[in-house]
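Working through the structure, step by step
Below are the chains, spelled out letter by letter.
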Amino acid sequence: DGGITQSPKYLFRKEGQNVTLSCEQNLNHDAMYWYRQDPGQGLRLIYYSQIVNDFQKGDIAEGYSVSREKKESFPLTVTSAQKNPTAFYLCASTPRAYQRILNTEAFFGQGTRLTVV
Amino acid sequence: DAKTTQPNSMESNEEEPVHLPCNHSTISGTDYIHWYRQLPSQGPEYVIHGLTSNVNNRMASLAIAEDRKSSTLILHRATLRDAAVYYCILRDPNSGNTPLVFGKGTRLSVIA
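From a predicted model like this one, the values you see are computed outputs, not experimental measurements.

What follows covers the pairing of strand 3 (residues 19-25) of chain A. Two faces make up the sheet, and in a regular strand the side chains alternate between them. Residue and element names in this part refer to chain A. Every second residue of strand 3 is oriented toward a common face, the buried set being Val 19, Leu 21, Cys 23 and Gln 25 and the non-buried set Thr 20, Ser 22 and Glu 24. Two elements, strand 1 (residues 4-7) and strand 3, share 4 bridges in a ladder whose sense is antiparallel. Paired with Ser 7 across the strands is Ser 22, a residue of strand 3.

Residues and elements named next belong to chain B. In this structure the tally under the stated criterion is 2 disulfides over all chains. The disulfide that involves Cys 22 links it to Cys 88, with 2.1 Å between the sulfurs. Judged by the sign of its S-S torsion, about -85°, the cystine formed by Cys 22 and Cys 88 is left-handed. Placement of the pair is Cys 22 in strand 2 (residues 18-23) and Cys 88 in strand 8 (residues 84-91), with a sequence separation of 66 residues.

Space inside the largest pocket adds up to approximately 410 Å³. If you trace the largest pocket, you find 22 residues lining it, with Gln37(A), Asp38(A), Pro39(A), Gly40(A) and Arg107(B) closest to the centre. Of all the secondary structure elements, the ones that give two or more residues to the lining of the largest pocket are strand 9 (87-94) and strand 11 (112-116) of chain A together with strand 8 of chain B. When residues in the lining of the largest pocket are grouped by element, the largest group, 3 residues, is from strand 11 of chain A. Split by residue class, the lining of the largest pocket holds 8 nonpolar, 10 polar and 4 charged. Looking at the second largest pocket, its volume works out to about 310 Å³. Phe107(A), Phe108(A), Pro44(B), Glu45(B) and Tyr46(B) are the residues nearest the centre of the second largest pocket, which is lined by 17 residues in total. For the lining of the second largest pocket, the elements supplying multiple residues, two or more each, are strand 10 (107-108) of chain A together with strand 4 (45-50) of chain B. With 3 residues, strand 4 of chain B is the single largest residue contributor to the lining of the second largest pocket.

This part is about the sheet that holds strand 3 (residues 32-38) of chain B. All names here are of chain B. Sheet architecture is open: 5 strands sit in the order 1-9-8-3-4, paired in mixed fashion. The sheet is open, and its two borders are formed by strand 1 (9-13) and strand 4, each paired with just one other strand. Strand-to-strand twist of the sheet, defined as the mean angle between neighbouring strand axes without regard to direction, takes the value 25°. By the bridge criterion, 3 bridges tie strand 8 to strand 9 (residues 106-111) in an arrangement that is antiparallel. Of the residues in strand 9, the one forming a bridge with Ala 84 is Leu 108.

Counting from both sides, the interface comprises 28 residues of chain A and, opposite them, 23 residues of chain B. For the pairing of chain A and chain B, the buried interface totals around 2,000 Å² over both sides, and the portion due to carbon and sulfur atoms is 52%. Linking chain A to chain B there are 0 salt bridges. Across the chain A-chain B interface, the total number found is 4 residue pairs in polar contact (both at pLDDT 80 or more). Secondary structure elements with two or more residues in the side of chain A that touches chain B: strand 4 (31-37), strand 5 (43-51) and strand 9 of chain A. Partitioning the side of chain A that touches chain B into residue classes produces 13 nonpolar, 10 polar and 5 charged.

Cut-offs and rules
Residues numbered from 1 in each chain as written. Chains lettered and ligands numbered in written order. Predicted model: local features only at pLDDT ≥ 70, side-chain atom pairs only at ≥ 80, totals over all residues. Heavy atoms only, no water. Buried < 20%, exposed > 50% of the residue type's maximum accessible area, 1.4 Å probe, protein only. Helix = DSSP H or I, 4+ residues; strand = E, 2+ residues; numbered from the N terminus. Pairing = 2+ DSSP bridges. Disulfide = S-S within 2.5 Å. 1 Å grid on protein atoms, 1.4 Å probe; cavity = no way out; pocket = protein on both sides within 12 Å on 5 of 7 lines; lining within 4 Å. Points joined across faces, edges and corners; volume = space filled by probe spheres on them. Nonpolar A, V, L, I, M, F, W, Y, C, P; charged D, E, K, R; others polar. Axes fitted to C-alpha atoms, helices over the stretch in contact; angles between N-to-C directions. Contact = heavy atoms within 4.5 Å. Buried area = accessible area lost by both parts, 1.4 Å probe. Salt bridge = Lys/Arg side-chain N within 4 Å of Asp/Glu carboxyl O. Polar contact = N/O pair within 3.5 Å; in protein donor to acceptor, adjacent residues only side chain to side chain.

Below is the structure:
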(Lines give C-alpha, C1' and ligand atoms only; values in the text may rest on other atoms or scores of the structure.)
Protein backbone atom coordinates (compact mmCIF):
# COMPACT_ATOMS: atom_id res chain seq x y z
CA ASP A 1 0.00 0.00 0.00
CA GLY A 2 1.10 3.55 -0.67
CA GLY A 3 2.05 5.70 2.22
CA ILE A 4 4.58 7.84 3.99
CA THR A 5 7.09 6.28 6.37
CA GLN A 6 9.08 7.97 9.07
CA SER A 7 11.92 6.33 10.93
CA PRO A 8 12.86 5.79 13.62
CA LYS A 9 9.75 6.11 15.77
CA TYR A 10 11.78 7.07 18.85
CA LEU A 11 15.20 8.70 18.84
CA PHE A 12 17.49 9.73 21.63
CA ARG A 13 20.32 12.17 21.10
CA LYS A 14 23.04 13.54 23.27
CA GLU A 15 23.42 17.28 23.45
CA GLY A 16 25.77 18.60 20.79
CA GLN A 17 25.12 15.79 18.31
CA ASN A 18 23.50 16.08 14.91
CA VAL A 19 20.78 13.56 14.09
CA THR A 20 18.91 12.80 10.85
CA LEU A 21 15.24 11.83 10.69
CA SER A 22 14.09 9.82 7.70
CA CYS A 23 10.94 10.41 5.64
CA GLU A 24 10.06 8.30 2.60
CA GLN A 25 6.88 8.28 0.50
CA ASN A 26 5.75 6.00 -2.32
CA LEU A 27 2.69 8.07 -3.25
CA ASN A 28 4.40 9.82 -6.15
CA HIS A 29 3.70 13.12 -4.39
CA ASP A 30 5.60 16.19 -5.51
CA ALA A 31 5.66 18.18 -2.29
CA MET A 32 6.96 17.15 1.12
CA TYR A 33 6.95 18.93 4.46
CA TRP A 34 8.46 18.75 7.94
CA TYR A 35 6.56 19.91 11.02
CA ARG A 36 7.46 20.06 14.66
CA GLN A 37 4.92 19.56 17.44
CA ASP A 38 5.48 20.36 21.12
CA PRO A 39 3.19 19.00 23.86
CA GLY A 40 -0.30 20.49 23.71
CA GLN A 41 0.57 22.61 20.69
CA GLY A 42 -0.31 22.60 17.03
CA LEU A 43 2.09 21.78 14.21
CA ARG A 44 4.74 24.29 13.22
CA LEU A 45 6.39 24.22 9.80
CA ILE A 46 10.16 23.66 9.67
CA TYR A 47 10.92 23.18 5.95
CA TYR A 48 9.07 22.20 2.82
CA SER A 49 9.96 21.13 -0.70
CA GLN A 50 7.69 21.51 -3.70
CA ILE A 51 9.99 19.75 -6.14
CA VAL A 52 13.22 17.76 -6.22
CA ASN A 53 16.39 19.76 -5.50
CA ASP A 54 14.42 22.70 -4.14
CA PHE A 55 13.19 23.54 -0.64
CA GLN A 56 12.05 26.54 1.39
CA LYS A 57 12.32 27.52 5.03
CA GLY A 58 9.25 27.42 7.18
CA ASP A 59 8.52 29.35 10.35
CA ILE A 60 11.10 27.64 12.58
CA ALA A 61 13.95 26.55 10.27
CA GLU A 62 16.82 27.67 12.49
CA GLY A 63 18.92 24.71 13.67
CA TYR A 64 17.52 22.36 11.02
CA SER A 65 18.62 21.36 7.52
CA VAL A 66 17.03 19.30 4.76
CA SER A 67 17.79 17.84 1.33
CA ARG A 68 15.57 16.68 -1.51
CA GLU A 69 17.72 14.65 -3.88
CA LYS A 70 14.95 12.20 -4.72
CA LYS A 71 11.22 12.66 -5.10
CA GLU A 72 10.54 9.92 -2.58
CA SER A 73 12.81 11.15 0.20
CA PHE A 74 13.03 14.27 2.37
CA PRO A 75 15.38 13.74 5.33
CA LEU A 76 15.58 16.27 8.16
CA THR A 77 18.78 16.90 10.09
CA VAL A 78 18.50 18.36 13.56
CA THR A 79 21.79 20.09 14.19
CA SER A 80 23.52 21.00 17.42
CA ALA A 81 22.48 24.59 16.72
CA GLN A 82 18.87 23.72 17.53
CA LYS A 83 18.56 24.85 21.13
CA ASN A 84 15.54 22.83 22.16
CA PRO A 85 15.20 19.86 19.81
CA THR A 86 13.12 17.59 22.04
CA ALA A 87 9.77 17.32 20.20
CA PHE A 88 7.52 15.21 17.99
CA TYR A 89 8.49 15.54 14.31
CA LEU A 90 6.00 14.93 11.52
CA CYS A 91 6.59 14.55 7.81
CA ALA A 92 3.85 15.06 5.23
CA SER A 93 3.37 14.98 1.47
CA THR A 94 0.86 16.32 -1.04
CA PRO A 95 0.16 15.56 -4.70
CA ARG A 96 0.33 17.98 -7.58
CA ALA A 97 -1.84 21.06 -7.06
CA TYR A 98 -4.35 20.22 -9.77
CA GLN A 99 -5.12 16.87 -8.20
CA ARG A 100 -5.90 18.23 -4.78
CA ILE A 101 -9.36 19.47 -5.53
CA LEU A 102 -10.56 15.93 -6.15
CA ASN A 103 -8.21 13.90 -4.01
CA THR A 104 -7.51 13.91 -0.34
CA GLU A 105 -4.99 16.44 0.75
CA ALA A 106 -1.92 15.78 2.82
CA PHE A 107 -0.70 12.42 3.98
CA PHE A 108 1.28 12.32 7.21
CA GLY A 109 3.77 9.87 8.60
CA GLN A 110 3.43 8.44 12.10
CA GLY A 111 6.07 10.76 13.47
CA THR A 112 9.44 10.56 15.17
CA ARG A 113 9.71 11.45 18.83
CA LEU A 114 13.13 12.96 19.46
CA THR A 115 14.48 13.29 22.98
CA VAL A 116 17.73 14.99 23.89
CA VAL A 117 19.43 13.39 26.86
CA ASP B 1 -4.23 31.03 4.18
CA ALA B 2 -7.00 32.66 6.16
CA LYS B 3 -7.17 32.12 9.90
CA THR B 4 -9.64 29.81 11.62
CA THR B 5 -10.91 29.84 15.20
CA GLN B 6 -11.88 26.72 17.10
CA PRO B 7 -12.73 25.99 20.74
CA ASN B 8 -9.80 24.57 22.67
CA SER B 9 -11.66 21.51 23.89
CA MET B 10 -14.99 19.72 23.78
CA GLU B 11 -16.44 16.69 25.47
CA SER B 12 -18.96 14.16 24.27
CA ASN B 13 -20.61 11.02 25.52
CA GLU B 14 -20.02 7.85 23.58
CA GLU B 15 -22.56 7.09 20.84
CA GLU B 16 -23.89 10.65 20.84
CA PRO B 17 -23.45 13.11 17.95
CA VAL B 18 -20.68 15.68 18.16
CA HIS B 19 -20.69 19.08 16.49
CA LEU B 20 -17.25 20.68 16.22
CA PRO B 21 -17.45 24.36 15.20
CA CYS B 22 -14.97 26.42 13.21
CA ASN B 23 -15.13 30.13 12.48
CA HIS B 24 -13.41 31.55 9.40
CA SER B 25 -14.83 35.01 8.92
CA THR B 26 -12.11 36.11 6.46
CA ILE B 27 -12.47 33.15 4.13
CA SER B 28 -11.99 33.94 0.43
CA GLY B 29 -14.22 32.72 -2.37
CA THR B 30 -11.69 30.12 -3.50
CA ASP B 31 -10.77 28.68 -0.08
CA TYR B 32 -11.79 25.11 0.61
CA ILE B 33 -12.53 24.12 4.21
CA HIS B 34 -10.52 21.08 5.28
CA TRP B 35 -10.65 19.07 8.47
CA TYR B 36 -7.90 16.86 9.80
CA ARG B 37 -7.71 14.96 13.04
CA GLN B 38 -4.76 13.76 15.07
CA LEU B 39 -5.09 10.72 17.28
CA PRO B 40 -2.73 10.53 20.28
CA SER B 41 0.91 10.03 19.30
CA GLN B 42 0.09 9.81 15.59
CA GLY B 43 0.29 12.04 12.56
CA PRO B 44 -2.79 13.97 11.44
CA GLU B 45 -5.18 12.29 9.04
CA TYR B 46 -7.55 13.83 6.53
CA VAL B 47 -11.22 13.79 7.51
CA ILE B 48 -13.25 15.79 5.01
CA HIS B 49 -13.28 18.94 2.93
CA GLY B 50 -15.83 21.14 1.17
CA LEU B 51 -16.33 24.44 -0.62
CA THR B 52 -19.97 25.53 -0.37
CA SER B 53 -22.29 22.56 -0.14
CA ASN B 54 -22.56 20.22 2.82
CA VAL B 55 -20.46 17.09 2.43
CA ASN B 56 -20.74 13.57 3.78
CA ASN B 57 -18.29 10.71 3.84
CA ARG B 58 -17.81 7.56 5.86
CA MET B 59 -16.01 9.41 8.64
CA ALA B 60 -18.07 12.55 9.13
CA SER B 61 -20.27 15.28 7.71
CA LEU B 62 -19.32 18.86 7.04
CA ALA B 63 -21.96 21.55 7.33
CA ILE B 64 -21.00 24.89 5.79
CA ALA B 65 -22.85 28.10 6.60
CA GLU B 66 -24.51 29.90 3.72
CA ASP B 67 -22.12 32.86 4.07
CA ARG B 68 -19.19 30.42 4.46
CA LYS B 69 -17.92 32.26 7.51
CA SER B 70 -18.30 29.20 9.68
CA SER B 71 -18.53 25.44 9.38
CA THR B 72 -19.26 22.47 11.59
CA LEU B 73 -17.74 19.02 11.54
CA ILE B 74 -20.33 16.46 12.59
CA LEU B 75 -19.49 13.06 13.98
CA HIS B 76 -22.81 11.21 13.97
CA ARG B 77 -22.00 8.73 16.75
CA ALA B 78 -18.89 9.41 18.75
CA THR B 79 -16.79 6.44 19.73
CA LEU B 80 -13.80 6.25 22.04
CA ARG B 81 -11.61 6.03 18.94
CA ASP B 82 -12.78 9.49 17.89
CA ALA B 83 -10.95 11.09 20.81
CA ALA B 84 -8.42 13.29 19.03
CA VAL B 85 -7.45 16.85 18.19
CA TYR B 86 -9.50 18.16 15.27
CA TYR B 87 -8.04 20.85 13.02
CA CYS B 88 -10.01 23.12 10.71
CA ILE B 89 -7.84 24.50 7.88
CA LEU B 90 -8.54 26.70 4.87
CA ARG B 91 -6.84 25.87 1.59
CA ASP B 92 -6.88 27.59 -1.78
CA PRO B 93 -6.12 24.94 -4.45
CA ASN B 94 -4.87 27.67 -6.75
CA SER B 95 -2.07 28.55 -4.33
CA GLY B 96 0.08 25.62 -5.36
CA ASN B 97 1.66 23.28 -2.87
CA THR B 98 1.87 25.80 -0.08
CA PRO B 99 2.00 24.11 3.32
CA LEU B 100 -0.97 23.47 5.56
CA VAL B 101 -1.11 25.93 8.44
CA PHE B 102 -2.25 24.32 11.67
CA GLY B 103 -3.74 26.10 14.65
CA LYS B 104 -4.15 24.40 18.01
CA GLY B 105 -7.38 22.68 17.00
CA THR B 106 -10.11 21.31 19.26
CA ARG B 107 -9.29 18.47 21.62
CA LEU B 108 -12.29 16.14 21.69
CA SER B 109 -12.73 13.88 24.69
CA VAL B 110 -15.21 11.02 24.49
CA ILE B 111 -16.68 9.64 27.69
CA ALA B 112 -17.77 6.02 27.89
